[in-house]
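Residue-level structure breakdown
Single-letter residue listing:
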Amino acid sequence: MKTVGEISKMTGISVRTLHYYDEIGLLKPARVTEAGYRLYDDDALERLQHILMFRELQFSLKEIGEMLDAPDFDTRQALETQIRLLEMQREHLEHLIAMARQIQKKGETMMDLRAFDQSKMDEYKKEAKAKWGNTEAWQAYEKNEKQGKDFARAGEEMMALFAELGKYRELSPEDESVQQKIAALQNLITENFYPCTREILRGLGQMYTQDERFRKNIDAAGGEGTAAFVGQTIEIFCSNK
């Protein structure tokens, strides 16, 4: 068994991040002592290894959780996928380095922009997500996509909701009017994308705060701090359900 501190020293991951992984259910300790110390066994360390590898390959925490928790997840196949993706990443970087050195040597200024094409790697990643990310929510999303759901319009409505929530930032996240906006957000996601359960909504709230891309977009819609406010409001909404 290893403590959070020991794992932090081994991997360079902060204790805070390990606590966060526990909170979102991505990496649970094998047991927690009476004093509240988290202890991790070999199975937990193996799962952490997959998490770190997939993170290195730019998968989101949500994607990683879905793949690792899939009923047919296979450790050996996952490792093979990770190795192939790392090889592709290495080949991509080696090509870029060679191109940059050639430009430096010849004094050229124009680069071959095709060197930045990562479509093959993206396609391989999609296959991995399709294999292990076959959750009920993902199936519902694909069904809506095939039925021609207007995701762009739904996305605009979602941004409009975030803009409205931005105007409520001076209120308490527990305020009834604020909570009603979160209920509307949950309904919007369910009606247009996939069944937005309490667990999924809570995960989205954490992602809105933790993922820089989402945070920037939401703050752009509602003003600085909106993403954090939405995350707090969602957590309260889910806790009261």
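Everything below is about the structure printed above this text.
Residues numbered from 1 in each chain as written. Predicted model: local features only at pLDDT ≥ 70, side-chain atom pairs only at ≥ 80, totals over all residues. Heavy atoms only, no water.

**A word on the pattern of salt bridges**
What counts, and what does not: Salt bridges are identified by distance alone: a Lys or Arg side-chain nitrogen within 4 Å of an Asp or Glu carboxyl oxygen. Only DSSP runs of H or I with at least four residues qualify as helices, and only runs of E with at least two residues qualify as strands; both kinds are numbered from the N terminus onward.
On inspection of all chains with the given rule, the structure shows 10 salt bridges. Across the salt bridge formed by E164 and K181, the nearest N and O atoms sit 2.3 Å from each other. In this pair, E164 is assigned in helix α8 (residues 151-166) and K181 in helix α9 (residues 176-192), connecting sequence segments 17 residues apart. Here the salt bridges do not stand alone but share partners, grouping D22, K28 and R38 into one network.

**Quick notes on the nonpolar core**
Quick note on the threshold: The criterion is simple. A nonpolar core is a set of buried Ala, Val, Leu, Ile, Met, Phe, Trp, Tyr and Cys residues joined through side-chain atoms within 4.5 Å. Here the term buried applies to any residue with accessible area under 20% of the maximum for its type, exposed to any over 50%, and partly exposed to those in between, with areas from a 1.4 Å probe on protein chains only. Should any heavy atoms of two residues lie within 4.5 Å, those residues are counted as being in contact.
Residues M158, F162, L185, I189, Y208 and I234 are the most contacted members of the largest nonpolar core, which totals 26 residues. At the level of elements, α8, α9, α10 (198-210) and α12 (226-240) are the ones that each hand at least two residues to this core. Non-local contacts of F162, meaning those with residues more than four positions away in its chain, are made with L185, Y208, I218, A221, G222, T226 and V230. Ranked by size, the runner-up nonpolar core spans 22 residues in total, among them V4, Y20, I51 and A78.

**Description of the packing of helix α3 (residues 42-56) against helix α4 (residues 61-68)**
The criterion, for reference: The convention used is that axes are lines fitted to C-alpha atoms, helices contributing only their stretch in contact, and that angles between N-to-C directions extend from 0 to 180 degrees. Here the word oblique covers every angle except those under 35 degrees (roughly parallel), over 145 (roughly antiparallel) and from 65 to 115 (roughly perpendicular). Each crossing gets its hand from how the near helix is turned against the far one by less than a right angle, where anticlockwise is left-handed and clockwise is right-handed. Throughout this entry, Asp, Glu, Lys and Arg are counted as charged residues, while Ala, Val, Leu, Ile, Met, Phe, Trp, Tyr, Cys and Pro are counted as nonpolar. The remaining residues, Gly among them, count as polar.
Interhelical geometry of α3 versus α4 gives an angle of 135 degrees and a closest axis separation of 10 Å. On the basis of their axis angle, the class for α3 and α4 is oblique. For the element pair α3 and α4, the recorded crossing hand is right-handed. Counting all contacts with α3, which are made through R47, H50, I51, F54 and R55, the residues of α4 involved are L61, I64, M67 and L68. Residues of the contact of α3 with α4, tallied by class, amount to six nonpolar, one polar and two charged.

**Remarks on the packing of aromatic side chains**
Rules: Here a Phe, Tyr or Trp ring, Trp counted by its six-membered ring, pairs with any other such ring whose centre lies within 6.5 Å, and the pair is stacked when the planes are under 30 degrees apart, edge-to-face when over 60, and tilted otherwise.
Tallied over the entire structure, the rule returns four aromatic pairs. With centroids separated by 5.4 Å and ring planes inclined at 80 degrees, the aromatic side chains of F162 and Y208 adopt a geometry described as edge-to-face. Residue F162 is located in helix α8, and its partner Y208 is located in helix α10; the two are separated by 46 residues in the primary sequence. According to the relative accessible area criterion, F162 is buried, its value standing at 1%. Between Y208 and F214 the ring centres are 5.9 Å apart and the planes differ by 45 degrees, which places this aromatic pair in the tilted class. Residue Y208 is classed as buried on the basis of its relative accessible area, which comes to 3%. Here the aromatic cluster, defined as three or more aromatic residues joined through ring pairs, consists of F162, Y208 and F214.

**Comments concerning α4**
Note: α-helices contain 3.6 residues per turn, so residues at a spacing of three or four share the same orientation. Within α4, six of the eight residues are buried, leaving the element largely enclosed by the surrounding structure. Buried residues of α4: L61, I64, G65, E66, M67 and L68, and no others.

**So, helix α2 (residues 15-23)**
Along α2, the positions that sit buried rather than exposed are L18, Y20, Y21 and D22. Packed against the buried residues of α2 are α1 (4-11), β3 (38-40), α3, α4 and α10. One or two steps after α2, the chain reaches G25, where phi turns positive at roughly 80 degrees.

**Side note on the sheet that holds strand β2 (residues 31-32)**
Note the following rule: Strands are treated as partners if at least two bridges between them are detected by DSSP.
Strand order in the open sheet formed by three strands is β1-β3-β2, and the pairing between neighbours is antiparallel. Strands with a single pairing partner mark the edges of an open sheet, and in this sheet they are β1 (2-3) and β2.

**What to know about the packing of α9 against α12**
Close contact between α9 and α12 brings their axes to 10 Å; oriented N to C, the two are set at 85 degrees. Regarding the angle of α9 to α12, the classification is roughly perpendicular. Facing α9, whose interface residues are V178, Q179, I182, A183, L185 and Q186, α12 presents F229, T233, I234, I236 and F237.

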